[in-house]
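Fold and geometry: a report
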There are 2 protein chains.
Amino acid sequence: MISVDDARTRILAALRPTPAEIVPLADAWRRVTAAPVVARLTQPPRDVSAMDGYALRAADGGLGAVLRVVGSAPAGHPWEGRLAAGEALRLFTGSIMPDGADAILLQEDATRDGDLVTVNEAVAAGRHIRRAGQDFSAGNELIPAGKHLNARDIGLIAAGNHPWVAVHRRPRVAILATGDEIALPGEPIPPGGIVSSNSHALAALVRACGGDPVVLPVVADDHAAIMAVADAVAGMDLLVTTGGASVGDHDLVQAALAARGLVVDFWQIAMRPGKPLMFGRLGDTGMIGLPGNPVSSLVCGILFLLPAIARLTGLPAAPPPVTQAVLGAAVAANDHRADHLRASLAQRDDGTLVVTPFGRQDSAMLRMMQTADALVLRAPHAPALPAGAAVSVIRLDSLGV
Amino acid sequence: MISVDDARTRILAALRPTPAEIVPLADAWRRVTAAPVVARLTQPPRDVSAMDGYALRAADGGLGAVLRVVGSAPAGHPWEGRLAAGEALRLFTGSIMPDGADAILLQEDATRDGDLVTVNEAVAAGRHIRRAGQDFSAGNELIPAGKHLNARDIGLIAAGNHPWVAVHRRPRVAILATGDEIALPGEPIPPGGIVSSNSHALAALVRACGGDPVVLPVVADDHAAIMAVADAVAGMDLLVTTGGASVGDHDLVQAALAARGLVVDFWQIAMRPGKPLMFGRLGDTGMIGLPGNPVSSLVCGILFLLPAIARLTGLPAAPPPVTQAVLGAAVAANDHRADHLRASLAQRDDGTLVVTPFGRQDSAMLRMMQTADALVLRAPHAPALPAGAAVSVIRLDSLGV
């Protein structure tokens, strides 16, 4: 058996980001940049007014001064002359400053009378003027490669005058559930069989980390049928199987795919829930074999599949994000297997996050897994801890899983 | 001027969730249920073994007992007979318990020899048996209406034997930027003009809260052109405009759309950044007018548009999610306008979230907004606070904005 961290490190070391593709900015949300985004223009392009008012020479803007208004320059309609002594130009937020002017008289500090304007509050040179390039200049790197794009990133890329952006292709992830006893929802259920939740739960998890899931039909415990899957997944970035990875009597996946060239890296992890886990490579397609138990499959999906897909999308190789919290109830000492306690979360008024493991940690109960807000990480041989002790947790809600 | 909370309350009160549609489970991630999801079967469907081993009568399972193995029942291949005294049935995790049996002998506690099996560890009645309906029973509500579906929810819906689910239609949100001086990225820039980042940033924000954005072409400051937008947005759930809502000289949107039936509810909010804000209704389409300034537009988008779209998707009427944190640096007393300080976030080892507002809060600098992790909420007339004081923050990263 190997540890959770070792297993994840091996998986991540074996995966590379998908190639780049160009997408319109409108489709770039939550994609990962494949190259730095560099500004194609300077913002603001020239010195501009930060307010509505009048441009003038600071020397002309003493209290009570009266200036002649020589024109108006709304944003988008610049005034191309040169402002002389005693002159003012009407302008607005974002209007380009005319040559010769170095100060702004605010609209609310001015009295307008025909072509004349009176200064009711002395101006200061440079005040209320945004300098060219104050936000960024052409050639500046706006966004690095490997950035998971949010709405603000996309705004900044647009401001840099890019209508499209280079991102990593969404990883294609095939999902295969095996077993004589299972059926996808809505399909005929074999005698004594059950409906498989794994395929759809894992497909949603794949979406949550930016992949494109392909749910394959359920394959029975049949050597030839499993072998045929190798053809179906050619060109996929990752094959995820559920079931068929334990040491039980009915585990054909490994043997059947080995006959098609599967190289297995390991398949037992010192963890709970979810001990049986496989990782390997089937030609150019990575393969992760998850447990058949739905709770174990989800926990292993969060610990291994989520970072694997994130890596394929171009994000750095890293474990799922971990948050610190304090225990709302005592926990017992742990055995030699890393444990992942299903738990509820609450926040105290002072901001402290309180995590309370459920009293019952039954990996057969999907409904309790669905109710959880977080997984509490318990290292192998971790000591008993009292309520109030600090622990590391994986927040499920913010991951979309 | 009205407060941020009053404005949001009025907007949310005026909006209703979109109608329901049925989508395949594979497309249901991050959708919002339009009706409760009720289990269509019982899970487990009958009493099943939780482990690999042998079913037997507890009375037969004393230490050293020898039983006759009458058959094997892999999951999906139930054994339909009735187990008699002295008999055992080979079974596996998930196998249905045969009639007559009430105990499990674990595989690792058994020695098999041909048709016989010896008990090396006394069994206990009921142990390692999962009862029918332990997870849920047919008719149980699995997921309520109005739930934002994550991967675990989708797994539970699948386990309840639903291949599809009723969710609210994605809200259709039209985005309109107006102004003589602006161009979308990649388009010709007018003299003295700038590239508009608002349309694409807001489109990404719409996606982040589950809507389908439609970016309309930029419309110049022209009465007839703006009026024509009313036709383009018929059938949309929401029209979002940027620019044209201030009290400046170039604000035609309100007047032009009023000529087409726009009813304006209000348009000045006591907040910073982003004072000018419009809300109204254009026929069946709600309308939110955001400021033209990109930072103000994003902040107002987070405060007003995000909850509005969430409401349209079927989520409860609520403000954006707020987290408690402590200040990493002192802040000055606030004036009469609610402030939203751009800030960085860090977590201490004890789990405390520390939020440090940027020294410069310039609403002209999109790049600083892009760098922020959070907005610190400062109520009108909030007193000065020292480092270490508790404050409320909106986390931007977890919202995807």
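That block above? That's the structure.
Below is a summary of the structure that appears in this document. Predicted model only: the values in this text are computed from it and were never measured.

Helices and strands together make up the secondary structure of chain A, namely 7 helices and 26 strands. The C-alpha radius of gyration of chain A comes to 31 Å, more than 25% above the 21 Å expected for a compact globule of 401 residues. With the principal axes as the frame, chain A shows a C-alpha extent of 95 × 50 × 35 Å. Counting the 401 residues in chain A, one finds 55% classified as buried. For chain A, contacts bridging at least 24 residues in sequence account for 71% of all contacts bridging at least 6. When the accessible area of chain A is evaluated, it comes to approximately 15,100 Å², of which 53% is carbon and sulfur surface.

With that settled, consider the packing of helix α1 (residues 4–13) of chain A against helix α6 (residues 294–312) of chain A. Residues and elements named next belong to chain A. Axis separation between α1 and α6 bottoms out at 10 Å; the angle between their running directions is 25°. By the angle between their directions, the pair α1 and α6 is classed as roughly parallel. The crossing of α1 and α6 is right-handed. On α6, the residues touching V4, A7, R8, I11 and L12 of α1 are L303, F304, P307, A308 and R311.

The next subject is the sheet that holds strand β6 (residues 87–91) of chain B. Residue and element names in this part refer to chain B. In space, the 6 strands of this open sheet follow the order β7-β4-β6-β5-β9-β8, with mixed pairing throughout. Two strands in the sheet have a free side with no partner beyond their single neighbour: β7 (103–106) and β8 (110–113). The sheet shows a mean angle of 35° between the axes of neighbouring strands, direction not considered. Summarising the sheet, β8 and strand β9 (residues 116–119) pair through 4 bridges and their orientation is antiparallel. Bridge pairing in β9 links D113 to L116.

Let us look at the interface of chain B and chain A. Think of interface size as the accessible area that goes away when the parts come together; that is how it is often given. In this complex, chain B contributes 81 residues to the contact, which on the side of chain A involves 81 residues. Of the roughly 6,500 Å² buried at the junction of chain B and chain A (both faces included), carbon and sulfur atoms supply 57%. The tally of links between chain B and chain A comes to 2 salt bridges. Here chain B is connected to chain A by 30 residue pairs in polar contact (both at pLDDT 80 or more). For the side of chain B that touches chain A, the secondary-structure elements that each account for two or more residues are β11 (141–143), α2 (151–159), β15 (194–195), α3 (198–208), β22 (323–327) and α7 (366–371) of chain B. The element that contributes the greatest number of residues to the side of chain B that touches chain A is α2(B), accounting for 8 residues. For the side of chain B that touches chain A, the per-class residue count stands at 36 nonpolar, 25 polar and 20 charged.

The next point concerns the relation of the copies chain B and chain A. Rotating chain B by 180° and translating it 0.0 Å along the rotation axis places it on chain A, where the RMSD comes to 0.0 Å. Viewed as a symmetry operation, the transformation between the two copies matches a two-fold axis. Interface overlap between copies is the fraction of interface residues in one copy that are interface residues in the other; for chain B against chain A it reaches 100%, indicating a shared surface.

Calculation criteria
Residues numbered from 1 in each chain as written. Chains lettered and ligands numbered in written order. Predicted model: local features only at pLDDT ≥ 70, side-chain atom pairs only at ≥ 80, totals over all residues. Heavy atoms only, no water. Helix = DSSP H or I, 4+ residues; strand = E, 2+ residues; numbered from the N terminus. Rg over C-alpha atoms; globule rule 2.2 N^0.38 Å. Buried < 20%, exposed > 50% of the residue type's maximum accessible area, 1.4 Å probe, protein only. Contact = heavy atoms within 4.5 Å. Areas by Shrake-Rupley, 256 points an atom, 1.4 Å probe, with all protein chains shown as cover. Axes fitted to C-alpha atoms, helices over the stretch in contact; angles between N-to-C directions. Parallel < 35°, antiparallel > 145°, perpendicular 65-115°, else oblique. Left-handed = near helix turned anticlockwise from the far one by under 90°. Pairing = 2+ DSSP bridges. Buried area = accessible area lost by both parts, 1.4 Å probe. Salt bridge = Lys/Arg side-chain N within 4 Å of Asp/Glu carboxyl O. Polar contact = N/O pair within 3.5 Å; in protein donor to acceptor, adjacent residues only side chain to side chain. Nonpolar A, V, L, I, M, F, W, Y, C, P; charged D, E, K, R; others polar. Least-squares fit on C-alpha atoms with pLDDT ≥ 70 in both.

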